[in-house]
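Chain and residue survey
Given next are the chains, with one letter for each unit.
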Amino acid sequence: MFRALATWYESLSPGQPGYERVFALHPLQLTRFLEEAWRMRSDPGGKPSPAIPPALFPIEATSGIGPELATVAGSIYAGALIPFRHAMYAYLVENTRAVEIFRRVLEECRTGENLDVPSPEGQQWLRTTEALFFSDPHPGGIMGVTSHICPDFRAVRCNLYYRLFGMDLNHGRDDGTPYPYVKPAAANREFVPLWEEFLREVWRGIENFKNTSGANATDDAAIAELGATLADLLTVRQRNGVLAQVEFISEVMASWFHLTLMSDTPIVVDLKCAATSPEERLRKLGERVRYASDPNTEQYFAMADAASYVLLAIEARQFANASGAASLYAETSPPDPPNRLRDMMMTIIAQWSIATGRDMKAHKVQVAPRAAPVAVGAPAAQAALASARRPQLTAMAGSHNGHDRPG
Amino acid sequence: MSTGDPEQGDVVVSGSIAALRDLAEPYPPLTNLQRQIIVWFGELVAALDGPRSGSERGPAKAPYWTKRPPRVDGVDTIRDEEPAYRIEGHGLESTFAVWINGRPVHGWRVGAHGWLIVPEPHDAPREAEILIRTREGDVVAYYPTFTQ
């Protein structure tokens, strides 16, 4: 969400990095901006948590940044209803360990001078970050996803990721033990096998699209089947928008730290961690606070947006029939528009393969069970032969081994 | 598969087979449903993508291997101070060498809208085969416009 705000500021003042304006805002303005954004959410029926009522809005939720951005097309202040990124974005960004690294930065800067004294801009970033994500939220506000019932924000996010994707974060507590949170019985533990099979099938479409002769292994029906199953899996967990508020706040947090790492922002420069890429900045920050970033940070950042967009499209059931499935891999010529879906799918397939170590471009190999030797012609041999020929449709979905998390 | 060597200007140069095939055989048109999905997805990305500032290697950019090969959409001539070919297309911004009928050309430049402006040789041929070499691959432009 904060990346959207930075984008609007860049539209208003081309040439000036948007983060400068975002990080200069007061924490009160930013929390109220989130209230304004929630009020202007697209699909409010699917995200039913109420926004601040109109009668209270002028007092409780006006951020004061609207008048300046009222002319920016596509901004909420110009009247646009906006979608939010998918929870996969938050999951992938959090897997870089950025949240934990910045929590340690806050601890160091609040309690001593080991990391040097930050500049005024750096101090403002620290204050805002602490106020937004490491303080008790206003109980009635959209940020209020923690309470006496669920006091731990990280546990709330872990619960979200587990319910939607059946995955844990790739880092636990400092002593190496898993981070404690409630794991409900109803969780999408089938997500990863289905998602990876979806990526494999789309890759077949990509690599065979230009085939003018020979075999074409593209299977649009299989892509559509997987797309529909993934849509069912994700939307059933989101019935009546039950996870929408937590998903929104998780995305907000991820976009804050992502925006911080996308450029040499004041806190990055203050900590002497300037670099040319988000992953390199995070690696240096991790070294400063003695908490290593994930080795696959580059992959997580590179596919976070693309995976988020594609999953939003899957949830919208855009690929739930064979005719639409080809839009995932088709190359286009004018007058057709450029196919960004194909580009995004290629990004995801490559980066997911690197991050998980499981090659989404490789053809699946199935090992046939070794049958005991029996006399040819015997009824048992006939039955074994028929069984071996039967497609193993559940072979992928039945195995959860190694699919608990990427990386 | 380029047959030309940039060091040997007198060798007849042709384009890569892939680029020539793409020119001759555009991709099959989308169905209405596919076009609707792609347009919808483009609008979704436009609503969420950004910001534009930041690291060159930031996630808002496509990785280098997803870049498309260059494409020529049309060639015409301009008659300003210096006669030149104006080549429209995409991916021509990263051009680093140009040949006309096998002879290397100097003084070309990338103009507005990513158009490539190539000065006509003094002995301008009636038919010109313009090979453009970019970081993403080769493409051939013909003047007058080549049709099969």
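Structure first, text after, so check above.
These remarks concern the structure in this document. (Residues numbered from 1 in each chain as written. Chains lettered and ligands numbered in written order. Predicted model: local features only at pLDDT ≥ 70, side-chain atom pairs only at ≥ 80, totals over all residues.)

**Regarding unusual backbone geometry**
Short version of the rule: Helix and strand definitions follow DSSP, with helices as H or I runs of at least four residues and strands as E runs of at least two, each counted in order from the N terminus. Partly exposed residues are those falling between the two cut-offs: more than 12 but fewer than 20 other C-beta atoms within 10 Å of their own, whereas 20 or more means buried and 12 or fewer means exposed, with C-beta atoms placed from the backbone.
For the bond running from Tyr143 of chain B to Pro144 of chain B, omega is -5°, close enough to zero to count as cis. Take Pro144 of chain B: it is sitting in the segment after strand E8 (137-143). The phi dihedral of Asp116 of chain A is positive, around 75°, even though this residue is not glycine. Within the secondary structure, Asp116 of chain A is located in the loop between helix H7 (98-111) and helix H8 (120-133). You can call Asp116 of chain A partly exposed: it has 13 C-beta atoms within 10 Å. Phi is positive for Lys272 of chain A, close to 60°, though the residue is something other than glycine. By the secondary structure assignment, Lys272 of chain A is in the loop between helix H13 (266-270) and helix H14 (278-288).

**Let's talk about the sheet that holds E8 of chain B**
What links the strands of a sheet is backbone hydrogen bonding, and the strands pair in either a parallel or an antiparallel sense. Residue and element names in this part refer to chain B. Rules: In short, DSSP must find at least two bridges between two strands for them to pair.
Strand order in the open sheet formed by four strands is E4-E3-E7-E8, with antiparallel pairing between adjacent strands. A strand with exactly one partner marks an edge of an open sheet, and here the two such strands are strand E4 (103-104) and E8. Sheet analysis places strand E7 (residues 128-134) next to E8, joined by seven bridges and oriented antiparallel. What sits directly across from Ala128, in E8, is Tyr143.

**Some details on the packing of helix H15 (residues 297-315) of chain A against helix H2 (residues 32-48) of chain B**
The condition that has to hold: In this description, a line fitted to the C-alpha atoms serves as the axis of each element, helices being fitted only across the stretch in contact, and the angle between N-to-C directions of two axes falls anywhere from 0 to 180 degrees. Angular relationships are summarised with four words: roughly parallel below 35 degrees, roughly antiparallel beyond 145, roughly perpendicular across 65 to 115, and oblique for the angles in between. Whether a crossing is left-handed or right-handed is set by the direction in which the near helix is turned from the far one by less than a right angle, anticlockwise for left-handed and clockwise for right-handed. By the criterion used throughout, residues are in contact when their C-beta atoms, derived from the backbone, lie within 7 Å.
One way to put it is that H15 of chain A packs onto H2 of chain B with a least axis distance of 11 Å and a crossing angle of 135°. One way to sum up the angle between H15 of chain A and H2 of chain B is to call them oblique. Considering only the axes of H15 of chain A and H2 of chain B, their crossing is right-handed. Contacts from Tyr309, Leu312 and Ala313 of chain A in H15 of chain A reach Phe41, Leu44, Val45 and Leu48 of chain B in H2 of chain B.

Keep in mind that these numbers describe shape and distance, not what the molecule does.
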